[in-house]
Amino acid sequence: MIVSTCCFKFTLIILSSCMHIINICNASSTYQTAASYHAIAIALSLMEAYTLSVQHEQTTLQILQAKLGSDDLRTQVQFEFAYRSSTGL
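Residues numbered from 1 in each chain as written. Predicted model: local features only at pLDDT ≥ 70, side-chain atom pairs only at ≥ 80, totals over all residues. Heavy atoms only, no water.

Another point: the confidence of the model for the protein chain. Overall, the prediction assigns the protein chain a mean pLDDT of 75, with 73% of residues at 70 or greater. When mean pLDDT is taken per element in the protein chain, helix α3 (residues 50–68) scores highest with 87 and helix α1 (residues 2–25) scores lowest with 66. (pLDDT = per-residue confidence, 0-100. Helix = DSSP H or I, 4+ residues; strand = E, 2+ residues; numbered from the N terminus.)

Pasting the structure below:
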């Protein structure tokens, strides 16, 4: 239970930090915003909020597709990650 409590607190710290970064960036830095959404997705996954985690991974993918295009390797990697997250693979 102690490990679970520590993990939860750590996850909340990550989540809070990412939300702060998103508010500061306010879409001025697309890459930081995408990275923050990805970090939030990881934090939500640690909290076992898988549906929200997948939604944040999909948002990350949409940001990267808009900024980099679908052919960019970074977008393709994120697509694979989002697909695996949504299918449980």
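That was the structure; now back to the text.
Bringing helix α2 (residues 30–46) into the picture now. For α2, built from 17 residues, the straight-helix expectation of 24 Å at 1.5 Å per residue is met to within 8% by its first-to-last C-alpha distance of 24 Å. Where α2 is concerned, the buried positions are Thr33, Ala34, Ser36, Ile40, Ala41, Ala43 and Leu44. Count one or two residues on from α2 and you reach glutamate 48, which has phi positive near 65°. (Expected span 1.5 Å × (residues − 1). Buried < 20%, exposed > 50% of the residue type's maximum accessible area, 1.4 Å probe, protein only.)

Two numbers describe how α2 lies on α3: the axes approach to 8 Å, and their chain directions differ by 165°. In this view, α2 runs roughly antiparallel relative to α3, as classed from their interaxial angle. Viewed along their axes, α2 and α3 form a crossing whose handedness is left-handed. In this structure, α2 contributes Thr30, Tyr31, Thr33, Ala34, Tyr37, His38, Ile40, Ala41, Leu44 and Ser45 to the contact, and α3 contributes Tyr50, Leu52, Ser53, His56, Glu57, Thr59, Thr60, Ile63, Leu64, Lys67 and Leu68. Broken down by class, the residue content of the contact of α2 with α3 amounts to 11 nonpolar, 8 polar and 2 charged. (Axes fitted to C-alpha atoms, helices over the stretch in contact; angles between N-to-C directions. Parallel < 35°, antiparallel > 145°, perpendicular 65-115°, else oblique. Left-handed = near helix turned anticlockwise from the far one by under 90°. Contact = heavy atoms within 4.5 Å. Nonpolar A, V, L, I, M, F, W, Y, C, P; charged D, E, K, R; others polar.)

A few words on the environment of phenylalanine 81. Positionally, phenylalanine 81 belongs in helix α4 (residues 73–87). Discounting chain neighbours no more than four positions away, the residues touching phenylalanine 81 are His38 and Glu57.

What follows concerns α3. Counted at 1.5 Å a residue, the expected span for α3 with its 19 residues is 27 Å, and the 26 Å between its end C-alpha atoms agrees. Those residues of α3 that sit buried are Ser53, Val54, His56, Glu57, Thr60, Leu61, Ile63, Leu64 and Leu68. Just beyond α3, the residue with positive phi is glycine 69, at close to 95°.

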